[in-house]
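Understanding the architecture of this molecule
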Amino acid sequence: MMEWIFLSGYLLVFLAGSALAWINLAHQKRCSRSVPPELVGRFDEDLLKRSLAYSSAKTRLATIQSLTETALLVLFVFGPWLPLYDRLTLQAADSFVIHGTLFFLGLLFVDQLLAIPFGLYRTFILETRYGFNRSTPALWWMDRLKTILLSLLLTGLLAAGCFWLVQASPEGWWLWVWLFAVFFSLFVLVLSPHLIEPLFNRFNPLERPELEQAIETMAAKVGVRTERIFQVDASRRSGHANAYFTGLGRQKRVVLFDTLLEQMDAEEIVAVLAHELGHWRHNHLVKHLLSTAAFTLGASGLAFYLLNRGGLPGLVGLETASFPAQVLILSLLASIVGFFLTPLSSWLSRRHEWQADRFASDLTGQPRRLASALIRLARNNLANLCPHPFYAWFYYSHPPLIERVRALRTDPKNP
């Protein structure tokens, strides 16, 4: 009975997510018949239709990939394959730590392999059709190989550390695992700009002295010292553009995609970076890390209780299962709960984006410059201009473009 309840809940969550995606597409079709007033002169009907077609294609691909992965996962967990895989990995290991690490590394490797055909289609058919792809097959396969190896390495280290702590402290592992996971995440966050990101891109000093001076002057106004300002060769892979700050504390690395440098003028780029400085000024990264740590602390304690209680194997029709297999079952249960927490996470993220927009407006005194930059990004990325309000409330980490542009253009600080 519990098996069917659990399976039904998991499938209902998947169906609910798929339904929201299709409702969003239907809504976009209805409101894409005319250009929104805020975008008149920057968008035309042809560009609006192209944006809709791109969003539709991405949604269809994402739905097919999600359906495939969900079907395979359900067959694996609720069929005979989970206990078989559990026994095989147990036979291949001579310790609790090695078994747990192999168990999850095998699943991760299969997941990475399953993603390959979808990644190939996304890059060389969908992205190429809409003019975004600039990657070559050789570069794409090299990126994929690096991604798989890095994922296996980092996941292996994390899993081995966690299972060792479970073995070393069977009565209190939940706290030690939580501490280890938090510090491991911070370690990767600090390490990534210096060792991981350079494996994929070349970072060169910014070649526009006047823009570099404008960025440094703006950052100095709020007490941020720019360690280096880089331009990255993102155009080797894609036509999409971005810019970001990295680093904890007051010392920051600024990274600008070369595609952004091609698409925007200096004032628009400064406005985008002012928005990113707003995230730093409001301590959004620190708040996110602290809230995530607090949430995972509670989740770790709850996981300890549920794993000790011993009822998890029954959720998938098993009498017994190893500790790693029970962790997998628990992760499926957590994904159901996580779906219903998505609107809260999305709302908090949108709140941070509004704060960063207001900060950029105050810092530059040119709200319209940020509005112009956002519109240009939407044009060049064929963004969804008209999401369904409920879909945006549920999923969007950023406020819809129209709302942001309207707020910036009516800001009293406009000259």
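Above this text sits the structure in question.
Summary of the structure given here. Remember, it's a predicted structure, so these values are computed and weren't measured experimentally.

Conventions adopted
- Residues numbered from 1 in each chain as written.
- Predicted model: local features only at pLDDT ≥ 70, side-chain atom pairs only at ≥ 80, totals over all residues.
- Heavy atoms only, no water.
- Phe/Tyr/Trp six-rings, centres within 6.5 Å; stacked < 30°, edge-to-face > 60°.
- Helix = DSSP H or I, 4+ residues; strand = E, 2+ residues; numbered from the N terminus.
- Lys NZ or Arg CZ within 6 Å of the ring centre and 35° of its normal.
- 1 Å grid on protein atoms, 1.4 Å probe; cavity = no way out; pocket = protein on both sides within 12 Å on 5 of 7 lines; lining within 4 Å.
- Points joined across faces, edges and corners; volume = space filled by probe spheres on them.
- Nonpolar A, V, L, I, M, F, W, Y, C, P; charged D, E, K, R; others polar.
- Patch = residues over 30% accessible without salt bridge, like charges linked within 9 Å, V, L, I, M, F, W, Y side chains within 5 Å.
- Areas by Shrake-Rupley, 256 points an atom, 1.4 Å probe, with all protein chains shown as cover.
- Salt bridge = Lys/Arg side-chain N within 4 Å of Asp/Glu carboxyl O.
- Buried < 20%, exposed > 50% of the residue type's maximum accessible area, 1.4 Å probe, protein only.
- Expected span 1.5 Å × (residues − 1).
- Arc of directions from axis to C-beta.

1. With respect to the packing of aromatic side chains
Using the criterion set out here, one finds 25 aromatic pairs in the structure. Relative to Phe-163, the ring of Phe-96 has its centre 5.7 Å away and its plane inclined at 80°; by these criteria the two rings are edge-to-face. Taken as a pair, Phe-96 in helix α4 (residues 96-129) and Phe-163 in helix α5 (residues 137-168) lie far apart in primary sequence, 67 residues in all. In textbook terms, an aromatic cluster arises when at least three aromatic residues are bridged by ring pairs, as seen for Phe-76, Tyr-85, Phe-96, Phe-103, Phe-104, Phe-163, Trp-173, Phe-304 and Phe-323. The ring of Phe-200 has Lys-146 lying over it, and the distance from NZ or CZ to the ring centre is 5.8 Å. Arg-379 extends its terminal NZ or CZ atom over the ring of Phe-43, reaching a point 6.0 Å from the ring centre.

2. Description of empty space enclosed by the protein
Per the stated rule, a full pass over the model turns up one cavity of 30 Å³ or more. The space that makes up the largest cavity amounts to roughly 50 Å³. When residues of the lining of the largest cavity are assigned to their parent elements, the largest contribution, three residues, is made by helix α2 (residues 45-78). Here the residues of the lining of the largest cavity are counted per class, giving six nonpolar, three polar and no charged.

3. What about a nonpolar patch on the surface?
Nonpolar side chains collect at one region of the surface, where Leu-72, Leu-75, Trp-81, Leu-84, Leu-88, Phe-109, Val-110, Leu-113 and Leu-114 lie side by side and expose about 790 Å² of accessible area between them. Every element with two or more residues in the nonpolar patch is listed here: α2, α3 (81-92) and α4. Top element by residues in the nonpolar patch is α4. It accounts for four residues. Along the chain, Trp-81 turns up in helix α3. For Trp-81, a relative accessible area of 48% gives the class partly exposed.

4. Examining helix α7 (residues 209-221)
Helix length check: α7 (13 residues) gives 19 Å between terminal C-alpha atoms against 18 Å at 1.5 Å per residue, within 8%. Listed as buried for α7 are Leu-211, Ile-215, Met-218 and Ala-219. Viewed end-on, α7 has its buried residues packed into an arc of 100°, placing them on one side of the element. Exposed residues on α7 whose side chains face more than 90 degrees from its buried face are Pro-209, Ala-220 and Lys-221. Just beyond α7, the residue with positive phi is Gly-223, at close to 80°.

5. So, the pattern of salt bridges
Within this structure, the stated rule accounts for nine salt bridges. Glu-267 is the salt-bridge partner of Arg-369, the closest N and O atoms lying 2.5 Å from each other. Remark: Glu-267 occurs in helix α9 (residues 266-281) and Arg-369 occurs in helix α12 (residues 367-381); sequence separation between them is 102 residues. A residue is classified by how much of its surface remains accessible, and Glu-267, at 45% relative accessible area, is partly exposed. The salt bridge partner of Arg-404 is Asp-357, with a shortest N-O separation of 2.9 Å. Taken as a pair, Arg-404 in helix α14 (residues 401-409) and Asp-357 in helix α11 (residues 323-364) lie far apart in primary sequence, 47 residues in all.

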